[in-house]
Amino acid sequence: MHNKQFEFLKSSYHLSSDIQEILGFINNELPPAAPVAELLFKAKIIVTELLTNSLKHAGVNSTIINVKISEHDLSIIKIDFGNPLSLIQKNYPVNTKIPISNDILHTLYAILDSGKNIHFFCDEINMEDILAVENIVEHFGLLIITKAADKFTYHYNEQTKENLFEITIKF
Amino acid sequence: MIKIIKDTENHLLIEIEVSEANLNNSDLFKAQVIQLLDRHEKTVIIDFNKVEYIDSSFLGALVAILKHAIGMKLDVILVGLRNDVHDLLKLIRLDKVFKIFGNYNDAINV
């Protein structure tokens, strides 16, 4: 198991170099048999969206990214103490598939479990009307992470105000 | 942010002049391209050859531009995408709604 924590201060974000720093660690520590190019592509778009989310939405001063690499898993965990995802304020029933975004290409779902974790996944839709472009959503952050990951979970701790995004890619 | 490379009877060819297409420039990009669509009333071909990296904010801007163009019965065509950028569009299936070509000549010879 290889593990490294990265902390980024919002005042000094340099997205491109911050992302390269994380990708450099992943590249060095992946096992020899791992599909390196595919994993680096997925890690790049996931880390990009996690850091962009902190910059855009969360109102945070710093973001922690923790990367863990084991024999068959790459885990990327983001922690910040900013505003929680708006999904948290909705009283979704537990263990029920809730569509949170829907267009002619995808339906993105959230499922809240009894431990107050939100699990994301999506279905691709067989397009019947390719011209219905006005129906396409313009927010892709959660969708990108969901599609690049094998597992994507979000947890908000009401006591500590910690937002925890946990992403796992299997290889 | 963008530069007009060619202005023909039927279309405009523009080039994105930044290597990082992200939330720092997505709003400006959207405003500039929509202004070009309104002013020239022609299909816009966007050359991405300088773009190494793109995020969800910029993809959202691209979709907003496409919606605006289609509302004017025009189109937005993407050319010169690097592999990572093209792979990201394919991942979220935007390759199903944008016309994408390897380069400008391929786009105009269809």
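For the structure itself, look to the data block above.
Residues numbered from 1 in each chain as written. Chains lettered and ligands numbered in written order. Predicted model: local features only at pLDDT ≥ 70, side-chain atom pairs only at ≥ 80, totals over all residues. Heavy atoms only, no water.

**Some details on the environment of B:Met1**
Residue and element names in this part refer to chain B.
Point 1. Residue placement: Met1 occurs in the segment before strand E1 (2–7).
Point 2. Met1 sits in the buried class, given a relative accessible area of 19%.
Point 3. Along the backbone, Met1 and Leu66 are 65 residues apart, and their C-alpha atoms lie at a distance of 18 Å.
Point 4. The residues contacting Met1, other than those within four sequence positions of it, are Glu15, Ile16, Glu17, Val18, Asn25, Leu28, Phe29, Gln32 and Phe58. (Helix = DSSP H or I, 4+ residues; strand = E, 2+ residues; numbered from the N terminus. Buried < 20%, exposed > 50% of the residue type's maximum accessible area, 1.4 Å probe, protein only. Contact = heavy atoms within 4.5 Å.)

**Side note on empty space enclosed by the protein**
Point 1. Under the criterion given, the structure shown has one cavity of 30 Å³ or more.
Point 2. The computed volume of the largest cavity comes to approximately 70 Å³.
Point 3. If you list the elements that add at least two residues to the lining of the largest cavity, you get helix H2 (36–58) of chain A together with strand E5 (53–54) and helix H3 (83–91) of chain B.
Point 4. Each residue belonging to the lining of the largest cavity can be placed in one class, and the counts come to six nonpolar, one polar and three charged. (1 Å grid on protein atoms, 1.4 Å probe; cavity = no way out; pocket = protein on both sides within 12 Å on 5 of 7 lines; lining within 4 Å. Points joined across faces, edges and corners; volume = space filled by probe spheres on them. Nonpolar A, V, L, I, M, F, W, Y, C, P; charged D, E, K, R; others polar.)

**Let's talk about the interface of chain A and chain B**
Point 1. With 29 residues of chain A in contact, the opposing surface of chain B contributes 24 residues.
Point 2. Across the chain A/chain B interface, buried area totals approximately 2400 Å², and carbon plus sulfur atoms make up 68% of it.
Point 3. On the chain A side of the contact with chain B, A:Phe41, A:Glu138 and A:Phe140 bury the most area, a combined 24% of that side's loss.
Point 4. The tally of links from chain A across to chain B stands at three salt bridges.
Point 5. A salt bridge links A:Glu124 to B:Arg93; the shortest N-O distance between them is 3.7 Å.
Point 6. At the surface where chain A touches chain B, the tally comes to eight residue pairs in polar contact (both at pLDDT 80 or more).
Point 7. Examining the composition of the side of chain A that touches chain B, we find that eight residues originate from one element, H2(A), more than from any other.
Point 8. Here the residues of the side of chain A that touches chain B sort into 17 nonpolar, five polar and seven charged. (Buried area = accessible area lost by both parts, 1.4 Å probe. Salt bridge = Lys/Arg side-chain N within 4 Å of Asp/Glu carboxyl O. Polar contact = N/O pair within 3.5 Å; in protein donor to acceptor, adjacent residues only side chain to side chain.)

**Concerning the pairing of strand E7 (residues 151–157) of chain A**
All names here are of chain A.
Point 1. Note: strand E6 (residues 117–124) against E7, three bridges, orientation antiparallel. Its bridge partner being in E7, Asn117 is matched across the sheet by His155.
Point 2. The pairing of E7 with strand E8 (residues 162–170) spans seven bridges and is antiparallel. Looking across to E8, one finds that Asn157 is bridged to Glu162.
Point 3. Here E7 folds back onto E8, and the loop between the two strands holds four residues, one of which, Lys161, carries a positive phi near 65 degrees. (Pairing = 2+ DSSP bridges.)

**A look at the sheet that holds E1(B)**
Residue and element names in this part refer to chain B.
Point 1. Spatial ordering of the open sheet is given by E1-E2-E4-E6-E7, a layout of five strands whose pairing is mixed. Either end of the sheet is taken by a strand with one partner, and the two such strands are E1 and strand E7 (99–101). The sheet shows a mean angle of 25 degrees between the axes of neighbouring strands, taken without regard to direction.
Point 2. In the sheet, strand E4 (residues 43–47) pairs with strand E6 (residues 76–79) via four bridges, with the strands oriented parallel. The partner of Val44 across the bridge, within E6, is Val76. (Axes fitted to C-alpha atoms, helices over the stretch in contact; angles between N-to-C directions.)

**Thoughts on the packing of aromatic side chains**
Residues and elements named next belong to chain A.
Point 1. Within the structure shown, the criterion is met by six aromatic pairs over all chains.
Point 2. Centre to centre, the rings of Tyr154 and Phe165 are 4.7 Å apart; their planes meet at 50 degrees, and the pair counts as tilted. With Tyr154 in strand E7 and Phe165 in strand E8, this pair connects stretches of sequence that are 11 residues apart. Here Tyr154 and Phe165 have matching classes, each one buried.
Point 3. Grouping aromatic residues by their ring pairs yields a cluster made of Phe6, Phe8 and Phe25.
Point 4. Across the ring face of Tyr109, the terminal group of Lys97 is positioned such that the distance to the ring centre comes to 4.5 Å. (Phe/Tyr/Trp six-rings, centres within 6.5 Å; stacked < 30°, edge-to-face > 60°. Lys NZ or Arg CZ within 6 Å of the ring centre and 35° of its normal.)

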